[in-house]
Amino acid sequence: MNQSPYGTQQDPNSLGKKVGSAAGRFVKKRTASVAARLVKNVFQKVIGKGIKLLILKTAPIWGSILFILGIAWLAFMLIYAFPRTILEDKLAAATDKIEAFFGFSKEDMKGYEDILDTYKEVASRWDEGLNEFQKQQVQSYEFSWAILAGVDRMRNDPLYYKEDYNGILFPGGGDYIAPPTNYISIYKAAANKFGVDWNVLASIHFHESTYSTFPSGSVSVAGAIGPMQFMPATWEKYKVDGDGDGKMDIMNTADAIYSAANYLRASGYQKNQRKALYAYNHADWYVNMILSTAQQIKNKDLEVENPVDKSEGLEEKTTDDQSNESSFFRSKKLLTPKPEETFEALRPIFHWKDSKITTVCKKEVTSTNEQGETVTETVTETTEETVKLLTTADTYEGTYTHTYKWVTESAGNCTITKEVLNTIIPPDNFMQPFYDYLESVDIKDKLDIETTLELIALFDERYRLNLEDRESLNTDNYPKIEGSNGWVWPTVSTRITSGFGDRSCEGCSKFHDAIDIGAIKPGVAGDPIFAMADGTVIVSKYSQTAGNMVTIDHGKGVQSRYIHMSARLAKVGDKVKGGDIIGKMGTTGNSTGVHLDFQITIDGKKVDPRHYFNM
């Protein structure tokens, strides 16, 4: 290689090679690009059009197939899948209720799968012997079958029947029942093995499943399962074969007790008892409850002879033996279902009075006199009808008293004079007859009474809703609202056409959670509607049922609602003062005449507006 004063000089032959190589790469690249475009054009113009043509030509075939498949899928979902899902949900709900009734033993359900139907049949007789007009008046006193089932469930609970129960019932004795003696040996053996306190295990067993009786079901809403309420993942980590049968069953009482003891030890029970219990259920109130009940159990010094040690094998009754001993209806000494007896004790008894409905009609009658002249005269016809009006209803909640007032209504050329419901006076001591009956069947403890009520509500959702309606009649429970003495009556008329509570009109709800106020001139719309107090409009709309409606939030949990108006004069977000006009009276929506439906709710509960206006 020769040197140049300007640096290294390139060999001419080498330069030619590079130029040739570069030219070759360029040609190759361009050739590839041209080929790619050629293939793309061919595909788009030839193959693409061919595929498109094929799709268009075959569209009637595959389109029809897809349509048929779509219809078949839809039919499957409508005819089979959706109804099956709904049915399964209903069956599951029914099964849950039956399981909640028997609780602790699937074996007990055999032969009694239709037990709830028995209660329904008995309860359905509550209004026997009444005519249709009477039935309309007593609709809100419908007797729920769940009352019979709930009471029988607690009456038949093995923990309550002393002759067949090895535990100890402490008279007036606080909020717990001592454990059955056949469980105590299991608690003590587990406690000895894992270094925990047996009475703490007993306390957990009681509060989690009431000693494996499961009054609220064996699976909690959170998914915890079994006598000691283990979450499945936790069970897998700490499960123990408690009864030596070679199995570890989350529903087996001995296995569950041993596993709970194992979990407490692993959670540091010996170093910090409260911390370990907090790990079992993350709540301070739970820890306090467990320790309080454990101390009560310990104070009773419940000793058993020859506590069984796990190493020797359990000689006490196994879970299967216990379920046979505790069988819900099979033990000769246990009570049996008595829906008829409970029904006769708690069914509603109605008392009636005769009342006359007088109808006076005037009509013109045309006749021919002796002289052959046509004479028209007004004739008055009076008819009377005697009806039965409900005066008192003796129920398991107490005695309700119905009062009436006389009204005269116009209907065309007729006037109708009759008594209409004025007020319903609720019982002085709400639910006292029910509590008295529970005491007569040895259900006295506050916790047991609450459990009975919870079971009833579980069995029948309508019972809970009806109970809330009945409780809303008791004005003694109404809260005192600061400033309520300055509330403004919502319209110019004070004529109440339908009060708060029971009503017996056709096509309307049996319990009216508002009051109806008639127009100053009956049947004439347009009376102004006033906001009862300062507040913010949160609803202003038309509803098919309520018609034109406005709802005002007054703060502190108080809201007022005005419905069936002919016009709304306030919109959402408006700040109103008490007495401001927010609408006009009318008869829109599901309404039978010109009136204002006026409702007040306090903390979400409906109250009788008349209470706060001293009417």
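Keep in mind that this is a model prediction, so the values were computed, not measured.

A.B. asks: I tried to follow the overall build of the chain on my own but got confused; where do I start?
C.D. replies: Along the backbone of the chain there are 17 helices and 19 strands. In the chain, buried positions account for 40% of the 615 residues. Sequence-distant contacts in the chain: of pairs separated by 6 or more residues, those separated by 24 or more amount to 63%. When the accessible surface of the chain is summed, it comes to about 34,400 Å², and 53% of that surface belongs to carbon and sulfur atoms.

A.B. asks: Looking at this model, I keep getting lost on unusual backbone geometry. Mind explaining?
C.D. replies: It is generally the case that most residues other than glycine have a negative phi and that most peptide bonds are trans. With a phi close to 55°, Gln-229 is a non-glycine residue in the positive phi region. Inspection of the secondary structure puts Gln-229 in the loop between helix 7 (198-209) and helix 8 (232-238). We classify Gln-229 as buried; its relative accessible area is 13%. Of note, Lys-556 is a non-glycine position whose phi angle comes to about 55°, a positive value. Among the structural elements, Lys-556 can be located in the loop between strand 13 (547-555) and strand 14 (558-565).

A.B. asks: What exactly am I supposed to notice about the sheet that holds strand 11 (residues 528-530) here?
C.D. replies: Neighbouring strands of a sheet are bound in pairs by backbone hydrogen bonds; such pairs are parallel or else antiparallel. With antiparallel pairing, three strands are arranged side by side in an open sheet as 11-17-15. Every interior strand has two partners, whereas the edge strands, strand 11 and strand 15 (567-568), have only one. With two bridges joining them, strand 15 and strand 17 (residues 581-584) adopt antiparallel strand pairing. Across the sheet, residue Ala-567 finds its bridge partner in strand 17, namely Lys-584.

A.B. asks: Quick question: what am I supposed to make of the sheet that holds strand 5 (residues 398-411) here?
C.D. replies: Taken together, four strands build a closed barrel; the order of strands is 3-4-5-6 and the barrel is antiparallel. On average, adjacent strands in this sheet sit at an angle of 15° to one another, irrespective of strand direction. Here four bridges tie strand 4 (residues 374-395) to strand 5, and the two strands are oriented antiparallel to one another. Bridged to Thr-392 within strand 5 is Thr-401.

A.B. asks: For this particular structure, what's the right way to read the side chain of Thr-253?
C.D. replies: By the secondary structure assignment, Thr-253 is in helix 9 (residues 253-266). Side chain to side chain, Thr-253 and Ser-212 meet in a polar contact 2.9 Å long.

A.B. asks: What should I look at first to understand helix 10 (residues 273-280) in this one?
C.D. replies: Working note: α-helix, 3.6 residues per turn, so residues spaced by three or four point in the same direction. Looking at helix 10, one finds that the buried residues are Ala-276, Leu-277 and Tyr-280. Along the long axis of helix 10, the arc covered by the buried residues comes to 95°, so they all point the same way. Buried positions along helix 10 lie against helix 7, helix 9 and helix 11 (284-299). A distance of 3.3 Å separates the backbone nitrogen of Arg-274 from a side-chain oxygen at the start of helix 10, and that oxygen is part of Asn-272.

A.B. asks: Even after reading the chapter, I still don't get the pairing of strand 6 (residues 414-425), so can you show me in this structure?
C.D. replies: Every regular strand shows the same layout, with side chains that alternate between the two sheet faces. With four bridges connecting them, strand 3 (residues 349-368) and strand 6 associate as antiparallel partners. In the strand pairing of strand 6, Val-360 is matched with Thr-415. Alignment of strand 5 against strand 6, held across 11 bridges, turns out to be antiparallel. When the sheet's bridge partners are listed, Thr-403 is paired in strand 6 with Thr-423.

A.B. asks: Would you mind going over the nonpolar core with me for this structure?
C.D. replies: One broad trend across soluble globular proteins is that nonpolar side chains are buried collectively. The biggest cluster of nonpolar side chains holds 73 residues, and the ones touching the most others in it are Phe-143, Ile-147, Phe-434, Trp-487, Tyr-562, Ile-582 and Phe-598. In terms of residue count, the dominant contributor to this core is helix 5 (residues 145-155) (seven residues). With 40 residues, the next largest nonpolar core counts Tyr-211, Ala-254, Tyr-258 and Ile-290 among its residues.

A.B. asks: Would you explain the packing of helix 6 (residues 181-194) against helix 9 in this entry?
C.D. replies: If you want to describe how two helices pack, look at the angle between their axes and the distance between the axes. In the contact formed by helix 6 and helix 9, the axes pass within 9 Å of each other and the chain directions differ by 30°. As summarised for this structure, helix 6 and helix 9 are arranged roughly parallel, according to the angle between their axes. The two elements helix 6 and helix 9 cross, and the hand of that crossing is right-handed. On helix 9, the residues that touch Tyr-183, Ile-186, Tyr-187, Ala-189, Ala-190, Lys-193 and Phe-194 of helix 6 are Thr-253, Ala-254, Ile-257, Tyr-258, Ala-261, Asn-262 and Arg-265. Class assignment of the residues belonging to the contact of helix 6 with helix 9 gives a composition of 10 nonpolar, two polar and two charged.

A.B. asks: What am I meant to see in the state of the cysteines here?
C.D. replies: One covalent bond between the sulfur atoms of two cysteine residues makes up a disulfide. Evaluation of the coordinates by the stated rule reveals one disulfide. The residue that forms a disulfide with Cys-361 is Cys-414, at a sulfur-sulfur distance of 1.9 Å. Handedness here is read from the sign of the S-S torsion; for Cys-361 and Cys-414, about 110°, the answer is right-handed. Here Cys-361 is found in strand 3, whereas its partner Cys-414 is found in strand 6, with 53 residues between them in sequence. Residue Cys-361 is classed as partly exposed on the basis of its relative accessible area of 21%.

A.B. asks: For this particular structure, what's the right way to read helix 7?
C.D. replies: Taking 1.5 Å of rise per residue, 12 residues should cover 16 Å, and helix 7 covers 17 Å from first to last C-alpha, within 8% of that figure. By the criterion of burial, helix 7 is predominantly enclosed, with 11 of the 12 residues buried.

A.B. asks: For this particular structure, what's the right way to read the confidence of the model for the chain?
C.D. replies: For residues with low pLDDT, the predicted coordinates do not support detailed interpretation. With 71% of its residues at a pLDDT of 70 or more, the chain has an overall mean of 77. Within the model, pLDDT remains below 50 along residues 159-176, and this stretch shows 50 contacts once partners closer than five positions in the same chain are excluded. Throughout residues 302-335 the model reports pLDDT below 50, and contacts reaching past four residues in sequence, or to other chains, amount to 78 contacts.

A.B. asks: Where do I start with the side chain of Asp-608 in this structure?
C.D. replies: Summarising the element assignment, Asp-608 is placed in the loop between strand 19 (605-607) and helix 17 (609-612). According to the relative accessible area criterion, Asp-608 is buried, its value standing at 11%. At 3.1 Å, the side chain of Asp-608 forms a polar contact with the backbone nitrogen of Arg-610.

A.B. asks: Would you mind showing me how to read the packing of helix 6 against helix 7 here?
C.D. replies: Between helix 6 and helix 7, whose axes approach to 8 Å, the crossing angle comes to 125°. With respect to their mutual orientation, helix 6 and helix 7 come out oblique. The handedness of the crossing between helix 6 and helix 7 is right-handed. In this structure, helix 6 contributes Tyr-183, Ile-184, Tyr-187, Lys-188, Ala-190 and Ala-191 to the contact, and helix 7 contributes Trp-198, Leu-201, Ala-202 and His-205. A per-class count over the contact of helix 6 with helix 7 returns eight nonpolar, one polar and one charged.

A.B. asks: Would you mind going over the pattern of salt bridges with me for this structure?
C.D. replies: Side-chain pairs of opposite charge can arise where the charged atoms are in close proximity. According to the stated counting rule, one finds 14 salt bridges in the structure shown. In this structure, Arg-347 engages Glu-344 in a salt bridge whose closest nitrogen and oxygen atoms are separated by 4.0 Å. Measuring nitrogen to oxygen at the nearest pair gives 3.4 Å for the salt bridge that ties Asp-597 to Arg-561. Residue Asp-597 is found in strand 18 (residues 595-602), and its partner Arg-561 is found in strand 14; the two are separated by 36 residues along the sequence. Bridged by salt links that share partners, the residues Glu-121, Arg-125 and Glu-340 form one connected network.

Calculation notes
- Residues numbered from 1 in each chain as written.
- Predicted model: local features only at pLDDT ≥ 70, side-chain atom pairs only at ≥ 80, totals over all residues.
- Heavy atoms only, no water.
- Helix = DSSP H or I, 4+ residues; strand = E, 2+ residues; numbered from the N terminus.
- Buried < 20%, exposed > 50% of the residue type's maximum accessible area, 1.4 Å probe, protein only.
- Contact = heavy atoms within 4.5 Å.
- Areas by Shrake-Rupley, 256 points an atom, 1.4 Å probe, with all protein chains shown as cover.
- Pairing = 2+ DSSP bridges.
- Axes fitted to C-alpha atoms, helices over the stretch in contact; angles between N-to-C directions.
- Polar contact = N/O pair within 3.5 Å; in protein donor to acceptor, adjacent residues only side chain to side chain.
- Arc of directions from axis to C-beta.
- Core = buried A, V, L, I, M, F, W, Y, C linked by side-chain atoms within 4.5 Å.
- Parallel < 35°, antiparallel > 145°, perpendicular 65-115°, else oblique.
- Left-handed = near helix turned anticlockwise from the far one by under 90°.
- Nonpolar A, V, L, I, M, F, W, Y, C, P; charged D, E, K, R; others polar.
- Disulfide = S-S within 2.5 Å.
- Expected span 1.5 Å × (residues − 1).
- pLDDT = per-residue confidence, 0-100.
- Salt bridge = Lys/Arg side-chain N within 4 Å of Asp/Glu carboxyl O.

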